[in-house]
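Structural overview
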Amino acid sequence: MEEKLRTIKEEAHTEITQSQSETTLREIEIKYLGRNGILTSILRNVKDLKPEDKPIVGKLGNEIKIYIANLIEEQSKKLQNKKFAEQEKEWIDISAYTLEPKITGHLNPLTSLQYELEDIFKNMGFHVWEGPYLEKEEYNFTALNIPQDHPARDMQDTFWIDKNHVLRTHTSPVQIRAMQSLKPPFRVIVPGRVFRYEATDASHENTFYQLEGLMIDKNISISHLIYTMKTFLSAILHKDIEIRLRPGYFPFVEPGLELEISCIFCDKKGCSICKHGGFIELMGCGLVHPDVLKYVNIDPEVFSGFAFGMGLERLVMLKHRINDIRYFLGGDLRFVTQF
Ligand code: PHE
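One structure accompanies this document, and this report is about it.

Rules used in this analysis
- Residues numbered from 1 in each chain as written.
- Predicted model: local features only at pLDDT ≥ 70, side-chain atom pairs only at ≥ 80, totals over all residues.
- Heavy atoms only, no water.
- Helix = DSSP H or I, 4+ residues; strand = E, 2+ residues; numbered from the N terminus.
- Buried < 20%, exposed > 50% of the residue type's maximum accessible area, 1.4 Å probe, protein only.
- Contact = heavy atoms within 4.5 Å.
- Areas by Shrake-Rupley, 256 points an atom, 1.4 Å probe, with all protein chains shown as cover.
- Lys, Arg positive; Asp, Glu negative; His and termini not counted.
- Charge placed at Lys NZ, Arg CZ, Asp CG, Glu CD.
- Pairing = 2+ DSSP bridges.
- Axes fitted to C-alpha atoms, helices over the stretch in contact; angles between N-to-C directions.
- Core = buried A, V, L, I, M, F, W, Y, C linked by side-chain atoms within 4.5 Å.
- Disulfide = S-S within 2.5 Å.
- Expected span 1.5 Å × (residues − 1).
- Arc of directions from axis to C-beta.
- Near = heavy atom within 4 Å.
- Polar contact = N/O pair within 3.5 Å; in protein donor to acceptor, adjacent residues only side chain to side chain.
- Nonpolar A, V, L, I, M, F, W, Y, C, P; charged D, E, K, R; others polar.

Here the focus is the overall build of the protein. A tally of helices and strands in the protein yields 12 helices and 10 strands. Once the C-alpha set of the protein is aligned to its principal axes, its extents read approximately 120 × 50 × 45 Å. Per-residue burial for the protein yields a buried fraction of 40% across its 339 residues. Contacts in the protein between residues at least 24 apart in sequence constitute 65% of all its contacts with a sequence separation of at least 6. For the protein, the accessible area works out to roughly 19,700 Å², and carbon and sulfur atoms hold 52% of it. The averaged location of the 48 negative side-chain charges in the protein is 6 Å from the averaged location of its 42 positive side-chain charges.

And the structure:
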């Protein structure tokens with residue numbers, strides 16, 4: 001019996017060390033150690049042996065069992081390593097002469113702000129509208145209560161394309177487009193590029209972004225405007241914002257207002273950013289002028305509305321403490337990659 005066990009051990013050794021695949025190893029394992037395996041059967045029958053043989057066969061059998069199990073494990077590792085070594089030979093070292101990949105593409109801070117604003121306003125029931133950059137003079141000025149030869153036209157230096165067309169100087173012409181297409185009541189916002197023919201400096205660009213807003217319904221008052229402004233500004237600046245309104249002149253709203261927000265840097269205590277006034281001027285707004293409503297055939301006796309228009313750069317500059325508007329279009333990677 002002892003002799004038989006030794007032969008089994010030798011045979012198993014040969015089979016295992018010569019096996020070249022995981023599959024054969026598993027077969028060998030089953031052959032010797034499986035439920036009906038050679039060794040398992042011998043060990044199972046130890047109880048039927050002569051009393052003097054029992055301990056010897058039992059002990060030796062178990063030793064061989066462990067030996068085979070270990071040997072299979074070892075051979076399996078050897079096969080794995082061999083496989084890796086072969087794979088490695090095929091490898092091309094793609095890291096050899098390349099720079100580390102870097103993700104540099106991302107949204108411009110203006111775009112992210114625009115998306116954030118769109119989400120806030122959508123949640124308040126506003127639709128997002130767009131209009132053309134090349135705009136009719138009529139929509140950019142006349143319909144907005146800025147008649148020809150009126151000095152108000154000079155408030156916005158204009159790129160004239162021809163007698164009847166301009167590069168839009170503000171997003172307000174889209175108010176007219178919206179009012180002509182939609183039936184009141186409605187709410188829209190209009191984000192987009194605008195253009196002004198002016199010399200650039202730290203706070204002026206010839207191309208910049210605005211966000212226009214317009215709500216038309218029955219009985220709209222300044223309270224609706226104040227509530228909406230306070231809500232969206234607090235959401236976008238992640239802070240409870242106080243607003244202050246002062247008279248401002250925009251021909252298409254009456255009353256026209258300049259909106260100021262409590263300084264986000266000093267909480268009204270006064271700092272260099274708010275020039276120690278505690279408030280920062282942010283945008284123009286007001287109640288839609290009855291003449292503008294009449295122009296698009298909305299009865300000012302029935303409907304009223306508020307409108308506002310804000311420069312997006314101004315808001316991003318405040319949020320990120322950027323001190324020169326020219327960075328936005330300057331194309332300097334040191335600026336762009338910060339966001
Ligand atoms: N369109 C104005 C501007 O560009 C801003 C504004 C919009 C003012 C709507 C009042 C109402 O300066």
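The rest of the description comes next.
Here we take up the sheet that holds strand β6 (residues 207-217). A sheet is described by the order of its strands in space; here seven strands give the open sequence β1-β5-β6-β10-β9-β8-β7, paired in mixed fashion. Among the strands making up the open sheet, the edge pair consists of β1 (127-128) and β7 (243-247). Two strands pair when backbone bridges link them, and β7 and strand β8 (residues 253-262) are joined in this way by five bridges, in the antiparallel orientation. In the strand pairing of β8, R244 is matched with E260. Its contacts with the sheet place helix α5 (residues 109-123) against β1, β5 (186-195), β6 and β10 (304-311), and it is angled at close to 170 degrees to β5.

Right, let's talk about unusual backbone geometry for a bit. The omega angle of the peptide bond from P184 to P185 is 0 degrees, so this bond is cis rather than trans. Its place among the elements puts P185 in the loop between α7 (173-181) and β5. Note that the residue after E254, namely P255, is joined by a cis bond; omega there is 0 degrees. Mapped onto the elements, P255 comes out in strand β8. One non-glycine residue, D149, lies in positive phi territory at about 65 degrees. Following the sequence through the fold, D149 ends up in the loop between α6 (137-140) and β3 (160-162).

With that out of the way, let us pick up the side chain of S262. Positionally, S262 belongs in strand β8. Residues within four places of S262 in sequence aside, it is in contact with I241, E242, K268, G278 and F279.

It is worth spelling out the nonpolar core at this point. By size, the foremost hydrophobic cluster in this structure holds 44 residues, and its most contacted members are F232, L233, I261 and F308. Residues within four places of L233 in sequence aside, it is in contact with I241, I243, L259, I261, L282 and M283. By size, the runner-up hydrophobic cluster in this structure holds 24 residues, among which are F141, A178, V253 and A307.

A word on the state of the cysteines. Scanning the model with the defined rule gives zero disulfides in all. Cysteine C266 is unpaired, with the sulfur of C263 as its nearest cysteine sulfur at 3.6 Å. Owing to a relative accessible area of 10%, C266 belongs among the buried residues under this scheme.

Turning our eyes to something else, we now look at helix α2 (residues 22-33). Taking 1.5 Å of rise per residue, 12 residues should cover 16 Å, and α2 covers 16 Å from first to last C-alpha, within 8% of that figure. All of the buried residues along α2 are L25, I28 and Y32. Buried residues of α2, seen end-on, are gathered within an arc of 60 degrees and therefore sit on one face of the element. Opposite the buried face of α2, by more than 90 degrees, sit the exposed residues T23, E27 and I30. The inward-facing, buried residues of α2 contact α1 (2-18), α3 (38-44) and α4 (53-90).

In the region of the ligand, 15 residues are neighbours, and H170, S172, R196, Q210 and G309 sit closest. Between the ligand and H170 there is a distance of 2.9 Å, counted from a nitrogen atom to a side-chain nitrogen or oxygen. Contact between the ligand and R196: an oxygen atom at 3.1 Å from a side-chain N or O atom of the residue. Within the complex, the protein chains bury 92% of what would otherwise be the 320 Å² of accessible surface of the ligand. Only β6, β9 (279-288) and β10 provide two or more residues apiece to the shell around the ligand. Here the element with the most residues in the shell around the ligand is β10; it accounts for three residues. Of the residues contributing to the shell around the ligand, the split by class is six nonpolar, seven polar and two charged.

In short, the description is geometric, and any link to function would need to be established separately.
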